[in-house]
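# Summary of the model geometry
Letter by letter, the chains look like this.
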Amino acid sequence: MALPGESSAERLAQYGGVQRLPFPKLELFQRKRFLDPALCDRLIELIEADRRPSTLADHDGDHYFRTSETCDLDPAHPAVQQVEAALFELNGIDSAHGEQMQGQRYDVGQEFKAHCDWFNPHGQDREKYCSVAGQRTWTFMIYLNDVPAGGATRFTTVKKSFQPETGKLICWNNRKPDLSGNVNTMHHGMKVRRGMKYVITKWYREKPWG
Ligand SMILES: O=C(O)CCC(=O)C(=O)O
Ligand SMILES: [Fe+2]
């Protein structure tokens, strides 16, 4: 049984079409065509309607660290609820443990430099970001479109890149079996070279999200 706020390789495998990448030190999965193209288009419209410059915890003053635009997706919107239902069917994580779903849009030249999604236990912002809901457990990310050039997500320590593709989902466990953050989850949303890139991201926590 997975802990609250967690999924597991066994659970993900039940869904069908889920592939685990062959890295012993990192639980990393992909599922192609997780969302259908029409739903991806609706989500892109929502991001376009509501986007604002991204912010970031603990970026050490590098204003070019995450240059994309972000939006918090409305949990009451039918398209967002459809994604939530699909995610629950896949991962079995109680939605109370999920942060609000985020949309991101990267224009040409924009990126999200190499980082881990879990919060540094020694970082200045640990208290601010983890005091209520605890650490991030799993990340689920879905590409909403094909990007003509650039925009791959590169896992830098295991040297694996994912190419954006409409509806493709990738997910990973941010923690090691001892529940500390896994440095092998380090990933870089690389610069878009041509076209636009849209993704949605869903992060889960150890404890229910306020
Ligand atoms: O856009 C990407 O490829 C990566 C996004 C990401 O790492 C994040 O939102 O935490
Ligand atoms: Fe990330």
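Residues numbered from 1 in each chain as written. Chains lettered and ligands numbered in written order. Predicted model: local features only at pLDDT ≥ 70, side-chain atom pairs only at ≥ 80, totals over all residues.

In the annotation of an unreviewed UniProt entry, the protein is listed under the name 2OG-Fe(II) oxygenase and assigned to Parerythrobacter lacustris. Among the UniProt annotations of the protein, the heading Cofactor (unreviewed entry) holds the following wording: "L-ascorbate". (UniProt positions renumbered as here; feature names shortened; annotations may be inferred.)

Residues in contact with ligand 1, as listed here, are Q104, F112, D117, T153, H187, G189, V199 and T201. Looking at the shell around ligand 1, the elements that each hand over two or more residues are β12 (187-189) and β14 (197-205). When grouped by side-chain class, the residues that make up the shell around ligand 1 number 2 nonpolar, 5 polar and 1 charged. (Near = placed C-beta within 6 Å. Helix = DSSP H or I, 4+ residues; strand = E, 2+ residues; numbered from the N terminus. Nonpolar A, V, L, I, M, F, W, Y, C, P; charged D, E, K, R; others polar.)

Compared with the 20 Å implied by 1.5 Å per residue over 14 residues, the 20 Å span of helix α3 (residues 78-91) between its first and last C-alpha is a close match. Listing the buried residues of α3 in full gives V83, L87, L90 and N91. Seen from one end, α3 has its buried residues packed into an arc of 75 degrees, which puts them on one side. Projecting away from the buried face of α3 at angles above 90 degrees are the exposed residues P78, Q81, A85 and E89. In the core, the buried residues of α3 are packed alongside α1 (9-13), β7 (136-143) and β14. Positive phi appears at G92, one or two residues downstream of α3, with a value of about 65 degrees. (Expected span 1.5 Å × (residues − 1). Buried ≥ 20, exposed ≤ 12 C-beta atoms within 10 Å, placed from the backbone. Arc of directions from axis to C-beta. Contact = placed C-beta atoms within 7 Å.)

Here we come to the pairing of β14. Counting buried positions over the 9 residues of β14 gives 8, a clear majority of the element. Sheet topology note: the strand β5 (residues 102-106)/β14 ladder contains 5 bridges and is antiparallel. The residue bridging Y106 from the neighbouring strand is K197, located in β14. The pairing of β7 with β14 spans 6 bridges and is classified as antiparallel. For F140, the partnering residue across the bridge sits in β14 and is K202. (Pairing = 2+ DSSP bridges.)

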